[in-house]
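# Coordinates in review
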Amino acid sequence: MSLPNHFELLGQSGAARTGRLTTPHGVVRTPAFMPVGTAGAMKGLHWREVRDAGADIVLGNTYHLMLRPGAERIAALGGLQRFTTWNGPMLTDSGGFQVMSLAQLRKVTEQAVKFRSHIDGAAIELSPERAIEVQLLLGSDIAMQLDECVRLPAERDDILRAMELSLRWAERCKRAFERAPEGHMLFGIVQGGDIPELRHASARGLIEIGFHGYAIGGLAVGEPQEVMLAMIEEAAPILPADRPRYLMGVGTPEDILEAVARGIDMFDCVMPTRNGRHGVAFTRFGPVNLRNARHADDPRPLDDSSEWPSTRNCSRAYLHHLVKSGETLGAMLLSEINIAYYQSLMAGMRAAIAQGRFAEFREQTHADWARGDIAAL
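Residues numbered from 1 in each chain as written. Predicted model: local features only at pLDDT ≥ 70, side-chain atom pairs only at ≥ 80, totals over all residues. Heavy atoms only, no water.

In the structure shown here, the tally under the stated rule is 18 salt bridges. Note that Arg 17 is salt-bridged to Asp 265, the shortest N-O span being 3.0 Å. With Arg 17 in strand 2 (residues 16-23) and Asp 265 in the loop between helix 10 (253-260) and strand 14 (266-269), this pair connects stretches of sequence that are 248 residues apart. (Salt bridge = Lys/Arg side-chain N within 4 Å of Asp/Glu carboxyl O. Helix = DSSP H or I, 4+ residues; strand = E, 2+ residues; numbered from the N terminus.)

A few words on helix 7 (residues 156-176). With 21 residues, helix 7 should cover 30 Å at 1.5 Å per step; its first-to-last C-alpha distance of 30 Å lies within 8% of that length. For helix 7, the complete set of buried residues consists of Ile 159, Ala 162, Met 163, Leu 165, Ser 166, Leu 167, Trp 169, Ala 170, Arg 172, Cys 173, Lys 174 and Ala 176. (Expected span 1.5 Å × (residues − 1). Buried < 20%, exposed > 50% of the residue type's maximum accessible area, 1.4 Å probe, protein only.)

Here we come to unusual backbone geometry. Residue Pro 31 is reached from Thr 30 by a cis peptide bond, and omega for that bond is 0 degrees. Considering the arrangement of structural elements, one finds Pro 31 in the loop between strand 3 (26-30) and strand 4 (32-35). Residues Arg 68 and Pro 69 are joined by a peptide bond in cis, for which omega reads 10 degrees. On the secondary structure map, Pro 69 appears in the loop between helix 2 (62-67) and helix 3 (71-76). We note that Thr 85 has phi near 75 degrees; this positive angle belongs to a residue other than glycine. Within the secondary structure, Thr 85 is located in the loop between helix 4 (80-84) and strand 6 (90-93). In this structure Thr 85 comes out as partly exposed when scored by relative accessible area, which is 48%. One non-glycine residue, Ala 220, lies in the positive phi region at around 55 degrees.

To continue, consider the sheet that holds strand 11 (residues 185-190). With parallel pairing, the 8 strands of this open sheet are ordered in space as 4-14-13-12-11-10-6-5. Of all strands in the sheet, those bounded by a partner on one side alone are strand 4 and strand 5 (58-61). Pairs of neighbouring strands in the sheet enclose a mean axial angle of 25 degrees, with direction left out of account. Sheet topology note: the strand 11/strand 12 (residues 213-216) ladder contains 4 bridges and is parallel. Paired with Val 190 across the two strands is Ile 216, which belongs to strand 12. Sheet strands in contact with helix 14 (residues 328-354) are strand 4 and strand 14, and its direction is about 160 degrees off that of strand 4. (Pairing = 2+ DSSP bridges. Axes fitted to C-alpha atoms, helices over the stretch in contact; angles between N-to-C directions. Contact = heavy atoms within 4.5 Å.)

Now for the sheet that holds strand 1 (residues 7-13). What the 3 strands build is an open sheet, ordered 1-2-3; its pairing is antiparallel. Unpaired on one side and paired on the other, strand 1 and strand 3 mark the two borders of the sheet. When the angles between neighbouring strand axes are averaged without regard to direction, this sheet yields 10 degrees. When strand 2 meets strand 3, the two strands line up antiparallel, connected through 5 bridges. Across the sheet, Thr 23 pairs through a bridge with Gly 26, a residue of strand 3. Relative to strand 2, helix 14 is tilted by about 115 degrees, and along the sheet it contacts strand 1, strand 2 and strand 3.

Our focus in this paragraph is the pairing of strand 12. Residue alternation in strand 12 divides its side chains into two sets, Gly 213 and Ala 215 and Tyr 214 and Ile 216, and both sets are buried. The handedness of the strand 11 to strand 12 crossover, carried by helix 8 (residues 196-209), is right-handed. Two strands pair when backbone bridges link them, and strand 12 and strand 13 (residues 245-247) are joined in this way by 3 bridges, in the parallel orientation. Each residue of the ladder has a partner; that of Ala 215, found in strand 13, is Tyr 246. (Right-handed = clockwise from strand over helix to strand, strands pointing away.)

This is the structure in structure tokens:
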């Protein structure tokens, strides 16, 4: 059974799409990149900088928030938006990936996944019903089904078992979501690893169940880019054209550009802030490693034509100094620069799709990256 649709497709250019997703906390322009505020905070950034950079929506995480400070506590304090002061749309990941990557002594059964907290070793059980309960307590605009994510490469039998279990959990999540407030959304997650027929089966199974939107999960977990793109090409055309499509945990600017070219609408990744904390800036001419000594005496900014003040005004020499000195300000500046670049990339794609010139935009963006950073003095 289908669910009400909150997504409006506004235009296409090739397979690339632009649209508008209406949530209880505001409108999301797509293609959209969701900065990751895993535990209710954006590392190195204030929420106002995230908003000023152009982000419509951010991501929180069920696994981390249920462990600390606790979903019931957040609910008692008015929900995730009020608790964090981010007053816009928010999507919460169900926690399945973190159970795979962080939890100790996890055991997956038909009923639930049992694991020990990475914080204090406490025994925790996360069932599909509890995953939805936590996300409803958080008050997220978009909740995700609980799924089992398998790191690639993996054996076919393991991928098949996890995909089929994720489908059964998807049905349970949808039933548990029936008490959600009006306007809130639940997305199903396509699994199937790197095996096309399993991706097809997962996508069709989810469509039969019916969701507000559909995510493609289990990618960017160890496979080469060409495998990731091939799996998008297998799954995306099957998914309903009138529903948003979300590629989970991706990725680099190139990954995002190529996924948009294949019909994906939404993305999230820790890369902009994580790389910022490690001295790397993303620019329209590719990544710049500010740890490199070539920047020590360079008075130029990263990009003097950027609309973002820190990108346009801070010298490379100063950013290099901050990074080499271990100053917190360096991580903060590079994180905001990176978030702003990602949002600029998304805005450029939205405009190009609306004008029917996405292919031209894609070609020019690749050409700028291939040119590389401006030459040293």
